[in-house]
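Examining the three-dimensional arrangement
Below are the chains, spelled out letter by letter.
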Amino acid sequence: MTTALDTAMPTAPVGSPAIVARDLTKRFGDVTAVDGLSFEVLPGRVTGFLGPNGAGKSTTLRMILGLVHPTEGSAAVLGMPYESLDEPMRAVGAVLETQSFHPLRTGRNHLRVLAAAGGIDDARVDHVLATVDLSHAAGRKAGGYSLGMRQRLGLAAALLGDPRILVLDEPANGLDPQGIRWLRDLLRGFAADGRAVLVSSHLLAEMDQLADDVIVIDHGRSVRQGTVRDLTAASARVRVASPAADELARALRAAGLSPIADGDGFTVAGTDPDRLGAIARDAGVPLSELSTSAPTLEDVFLELTERSHR
Amino acid sequence: MKDTIRAEWRKLRTTRTGKGLLAATVALTALGAWGTLHEMGPATSTASTIAALPLFLLATWSVSILAMVLGIRSVTDEVRHGSLVPTLLATPDRRRVVGAKLAVAGAAGAVLGLAAIATGTAFAMIWTATHGGMLALGGTAFAILTVKVAAVGAAWAAIGLGIGLIVRHQVAAIVGALVYLFVVEDLIGGLFDGVAKFLPGSAADAFIGMSAGGAELVAPVVGAMLLAGYAALSMGVGTERLVRGDIS
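The rules behind each value
Residues numbered from 1 in each chain as written. Chains lettered and ligands numbered in written order. Predicted model: local features only at pLDDT ≥ 70, side-chain atom pairs only at ≥ 80, totals over all residues. Pairing = 2+ DSSP bridges. Helix = DSSP H or I, 4+ residues; strand = E, 2+ residues; numbered from the N terminus. Axes fitted to C-alpha atoms, helices over the stretch in contact; angles between N-to-C directions. Contact = placed C-beta atoms within 7 Å. Domains from an automatic or database assignment. Buried ≥ 20, exposed ≤ 12 C-beta atoms within 10 Å, placed from the backbone. Arc of directions from axis to C-beta.

**Considerations on the sheet that holds strand 11 (residues 260–262) of chain A**
Residues and elements named next belong to chain A. Pairing is antiparallel across the open sheet formed by 4 strands, whose spatial order is 11-12-10-13. Each end of this open sheet is capped by a strand with a single partner; those strands are strand 11 and strand 13 (289–293). Going from strand to strand, the sheet's axes swing by 30 degrees on average, the running direction of each strand aside. Examined bridge by bridge, strand 10 (residues 237–241) and strand 12 (residues 265–269) share 5 bridges and lie antiparallel to one another. The partner of valine 238 across the bridge, within strand 12, is valine 268. Where helix 10 (residues 273–283) meets the sheet, its contacts fall on strand 10, strand 12 and strand 13, and the angle it forms with strand 13 comes to roughly 160 degrees.

**Topic: the domain arrangement of chain A**
Each assigned domain of chain A is listed with its residue range as follows: domain 1 (3–228) and domain 2 (237–293). When each unit is reduced to the centre of its C-alpha atoms, the spacing between domain 1 of chain A and domain 2 of chain A is 46 Å.

**Re unusual backbone geometry**
Residues and elements named next belong to chain A. In this structure, aspartate 23 is a non-glycine residue whose phi angle is positive, near 50 degrees. As for its position among the elements, aspartate 23 is in strand 1 (residues 19–28). A positive phi is found at leucine 78, a non-glycine position, where the angle reads about 50 degrees. Structurally, leucine 78 can be placed in the loop between strand 4 (72–77) and helix 2 (88–91).

**What about helix 10 of chain A?**
Residue and element names in this part refer to chain A. Those residues of helix 10 that sit buried are Leu276, Ile279 and Ala280. Each buried residue of helix 10 lies within a common arc of 95 degrees when the element is viewed along its axis, so the set occupies one face. Along helix 10, the residues that are exposed and aim more than 90 degrees away from the buried face are Asp274, Ala278, Arg281 and Asp282. Elements that come into contact with the buried residues of helix 10 comprise strand 10, helix 9 (245–254), strand 12 and strand 13. Following helix 10 by one or two positions, glycine 284 adopts a phi angle in the positive range, close to 70 degrees.

Below, the structure written as structure tokens:
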């Protein structure tokens, strides 16, 4: 069933980006929702798309998927505009809204409508219903589904075409902890299979465990892009304390660092414990504490977005 | 295109909208037929196709309203429930989506037309039979009128589809369109002499070849062209709005 789907895919070279955004800009009247945004989403990786509410995440995803026309710039999916894809459902599966179905239509019929539109065999409908654990409710009207079930139905629709790329806007909304874990496993497995996942979320703790790469945007502009590891490492802090606090501070400043007073010690950015230990030793200052604090993605995110608000 | 039409057809079949509008067409025509035949009295017992003309007028009237609502809802249901997004993700070519909707809504509108004629005719036959007469409805004239009513259904579905694409908001589109049909068109006719016969409602009557209360009509062929023109205008503006606009 699924093997037959691979044949009609655009033949982008192996390892080339699944999605490329170049200077994407969208203005609604006087409001600039997205401002010169460029990024790439790579196959085999989960890319988190982060930003505060109103940062332009949904507008960006909609521009990638051909729903919103960019004012400037362009987006390509597997090397071409989404509108030019021959079989878009086999290229990209997307979930953009919690409710995207007629409430009086059954879950199965909702998927059958989309299967028909995508030229996908009806047998695939029951397959994806089982994948998202919704088979038991397939014959019920979707309007009676819980929020979590609606998310699962949306995911089922996205998986219908056995796509190369998944694009999900806040997919964890409404899922319980088990559901979130299930979603994480699903997306990790999808990426492990060499496919690409672009997922926006405000659940940063969740993204810490899920994403390989992150794109942080604020006010429609890219604030930071990179791997989760690099991003958190760059913001790592070393905490250091000494009974001779003043001498320690002097030594640190002399070494070009900017210690910030933190209780009985200091927090220092842009360095590592080895170097701090050496500075203290050379200055003859005894240390009572030397530790690193690895920030969570949430810490980094808040720092980045607060900085861009200043 | 075949896949897109198949998807639209499944949409129509898997909710109650289509069935509900079919039932409403039958009910509205039946109600009207009962009243019309009551007014016509036993004279109908000698009726030919021509004497049954008021039934066609009635069928045209109920089909105009309900086929238009069907056309409107084929878009506004999707806007209202958010299913327009997956529809356009599956088929990014928006003109193709509109084309498929036109094919399915047009066919469904024609079916409503046939249902209305069947209902009206059944009533007329029962009525004349119970009054000791026989309604002769065979022949080309009856067949042509039946086809015309079906075509009116398709045309109004297209007009409704265009309205739905332009207005998008379900309640506003339906209420606005009904207010136009029931109030505004009459008002325009009353205010501006000689204009009424060119308006969509009168154009449909002209195409069928009859009018309520002997209002002035254009020739049937002109009526057909006007009706097709209104459908093309509504569809054209609606399609452009969908193609150029953002789905956000």
